[in-house]
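Working through the structure, step by step
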Amino acid sequence: MDFGGTCDLAVWCKLLRDKGWTGPQIARALGKSEGYVNNLIRVVERASPALLLRWKEEQNGVTVHVCATDWLVQVCLLPHELQDQELAHRIQVATR
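First things first, this report covers the structure right here in the doc. Everything quoted here is computed from the prediction, not taken from an experiment.

**Topic: helix α4 (residues 49–58)**
Residue pairs spaced three or four apart in an α-helix point in one direction, given the helix's 3.6 residues per turn. Every buried residue of α4 is listed here: Leu-51, Arg-54, Trp-55 and Glu-58. The buried residues of α4 all sit within an arc of 100 degrees when viewed along its axis, so they share a single face. Among the exposed residues of α4, those oriented more than 90 degrees off its buried face are Pro-49 and Leu-53. For α4, the secondary structure elements touched by its buried residues are α1 (6–18), α3 (34–46), α5 (69–75) and α6 (80–94).

Shown next, in the form of structure tokens:
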């Protein structure tokens, strides 16, 4: 299966987990680590709508890339309002 980017991969991982697959099963099927798969699922579950939309938009190459996976994992620990603030700040810094 060909994914459009990391956001699409994350959504598929979450879908598979919701269908009863375990983290290790998904990781083996994709040839990725279990930690990576679990982090992607965590981002999909916890990210604000604005953050998810931006991550998805970046896959088409039109917008400046600011949603690195490591950053997403960290920022998704925050409440949605703070996630959106962090995203706005990151975009502002990247487009200076």
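Further notes follow.
**Observations regarding the nonpolar core**
Formed by 22 residues in total, the largest nonpolar core has its most connected members in Cys-13, Val-43, Leu-51, Trp-55, Cys-67, Trp-71 and Leu-72. Of all the secondary-structure elements, those providing two or more residues to this core are α1, α2 (23–30), α3, α4 and α5. Looking at this core, the element that brings in the most residues is α3, giving five residues. Beyond its immediate sequence surroundings of up to four residues, Cys-67 is in contact with Leu-51, Arg-54, Trp-55, Glu-58, Leu-72 and Leu-87.

**Points about the pattern of salt bridges**
According to the stated counting rule, one finds five salt bridges in the structure shown. In this structure, the salt-bridge partner of Lys-56 is Asp-8, at a minimum N-O distance of 2.7 Å. Of this pair, Lys-56 sits in helix α4 while Asp-8 is found in helix α1, placing the two residues 48 residues apart along the sequence. What makes Lys-56 partly exposed here is its relative accessible area of 40%. The partner of Arg-17 in a salt bridge is Asp-18, with the nearest N and O atoms 3.7 Å apart. By relative accessible area, Asp-18 is classed as partly exposed at 48%. Ionic contacts of the salt-bridge type, sharing partners, join the residues Lys-14, Arg-17, Asp-18 and Glu-45 into one network.

Conventions adopted
- Residues numbered from 1 in each chain as written.
- Predicted model: local features only at pLDDT ≥ 70, side-chain atom pairs only at ≥ 80, totals over all residues.
- Heavy atoms only, no water.
- Buried < 20%, exposed > 50% of the residue type's maximum accessible area, 1.4 Å probe, protein only.
- Helix = DSSP H or I, 4+ residues; strand = E, 2+ residues; numbered from the N terminus.
- Arc of directions from axis to C-beta.
- Contact = heavy atoms within 4.5 Å.
- Core = buried A, V, L, I, M, F, W, Y, C linked by side-chain atoms within 4.5 Å.
- Salt bridge = Lys/Arg side-chain N within 4 Å of Asp/Glu carboxyl O.

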